[in-house]
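Survey of secondary and tertiary structure
Listed below, chain by chain, are the residues.
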Amino acid sequence: MTESELASCLTRLKRSINKYGERVPANIYFFNPVSFYCYIKDSICFGRQSIEDVVNRIEPYIPLRLTEDNFEMFLDNMLDVNGDNEIGTDLMTKVKGDFIYAMLGANSPEMWAELTGSCESIRHMKESKLYQNLI
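Notes on the overall build of the protein chain
The secondary structure content of the protein chain amounts to 7 helices and 2 strands. Its helices and strands in sequence order give the protein chain the pattern α-α-β-β-α-α-α-α-α, from N to C terminus. Each of the 135 residues in the protein chain was classed as buried or not, and the buried ones make up 32%. Long-range contacts, defined here as pairs at least 24 residues apart, represent 64% of the contacts in the protein chain between residues at least 6 apart. Entry remark: accessible area of the protein chain is about 8700 Å², with carbon and sulfur atoms responsible for 53%.

Notes on the packing of helix α1 (residues 3-22) against helix α6 (residues 109-127)
One way to put it is that α1 packs onto α6 with a least axis distance of 11 Å and a crossing angle of 140°. For the crossing formed where α1 meets α6, the hand is right-handed. Taking contact as the criterion, the partners of Glu 3, Leu 6, Leu 10, Thr 11 and Lys 14 in α1 are, on α6, Trp 112, Thr 116, Cys 119, Glu 120 and Arg 123. By residue class, the composition of the contact of α1 with α6 is 4 nonpolar, 2 polar and 4 charged.

A short note on the nonpolar core
Membership of the largest hydrophobic core comes to 26 residues, with the highest contact counts inside it found for Leu 13, Ile 58, Phe 99 and Ile 100. Secondary structure elements with two or more residues in this core: α1, α2 (33-40), α3 (51-58), α5 (89-105) and α6. If near-sequence neighbours (up to four positions away) are discounted, Ile 100 is found in contact with Leu 13, Ile 17, Phe 36, Tyr 37, Ile 40 and Val 55.

Focus on the environment of Met 103
Structurally, Met 103 is set in helix α5. In this structure the C-alpha to C-alpha distance between Met 103 and Thr 116, which are 13 residues apart in sequence, comes to 9.3 Å. Not counting residues within four places of it along the chain, the set of residues in contact with Met 103 comprises Leu 10, Leu 13, Lys 14, Ile 17, Trp 112 and Leu 115.

Considerations on the pattern of salt bridges
Two side chains with opposite charge may pair up if their charged atoms get near one another. One pass over the structure, following the stated rule, counts 6 salt bridges. For Glu 127, the salt bridge goes to Arg 123, with nearest N and O atoms at 2.8 Å. Of this pair, Glu 127 and Arg 123 both sit in helix α6, 4 residues apart, roughly one helical turn. Looking at Glu 127, the relative accessible area reads 43%, which means it is partly exposed. Arg 123 gets classed as buried once you look at its relative accessible area, which sits at 6%. Members of the salt-bridge network, linked through shared partners, are Glu 120, Arg 123 and Glu 127.

Conventions adopted
Residues numbered from 1 in each chain as written. Predicted model: local features only at pLDDT ≥ 70, side-chain atom pairs only at ≥ 80, totals over all residues. Heavy atoms only, no water. Helix = DSSP H or I, 4+ residues; strand = E, 2+ residues; numbered from the N terminus. Buried < 20%, exposed > 50% of the residue type's maximum accessible area, 1.4 Å probe, protein only. Contact = heavy atoms within 4.5 Å. Areas by Shrake-Rupley, 256 points an atom, 1.4 Å probe, with all protein chains shown as cover. Axes fitted to C-alpha atoms, helices over the stretch in contact; angles between N-to-C directions. Left-handed = near helix turned anticlockwise from the far one by under 90°. Nonpolar A, V, L, I, M, F, W, Y, C, P; charged D, E, K, R; others polar. Core = buried A, V, L, I, M, F, W, Y, C linked by side-chain atoms within 4.5 Å. Salt bridge = Lys/Arg side-chain N within 4 Å of Asp/Glu carboxyl O.

Structural measurements only, silent on function.
Spelled out as structure tokens, the structure:
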């Protein structure tokens, strides 16, 4: 994925999340970011792509917030990793929920720049030759 493709996906995602975040009825409360993500993930983001489709496309570039809960889930997943070395779906759903919630809360240009900058840094690192040599 190129820098411009990532930026385009993030911008479309932000617009969709803001649109659905504003439409949440006042009497609905979400227990956590994952519940908000599950509420909006099947909504249309761009063309025929759902929010979940776009999030899945940018998944390799989503930063992992290191909370105690995420760290415990990460350790549990690393201990239970099967032969394919994939991180568990529970952890990835939590990471996606946290990311979507962070996007919803990124209401200033500085917060948005920090969020997109993190994704771009991860994208750049994954494309660098140094990272490819570590794999």
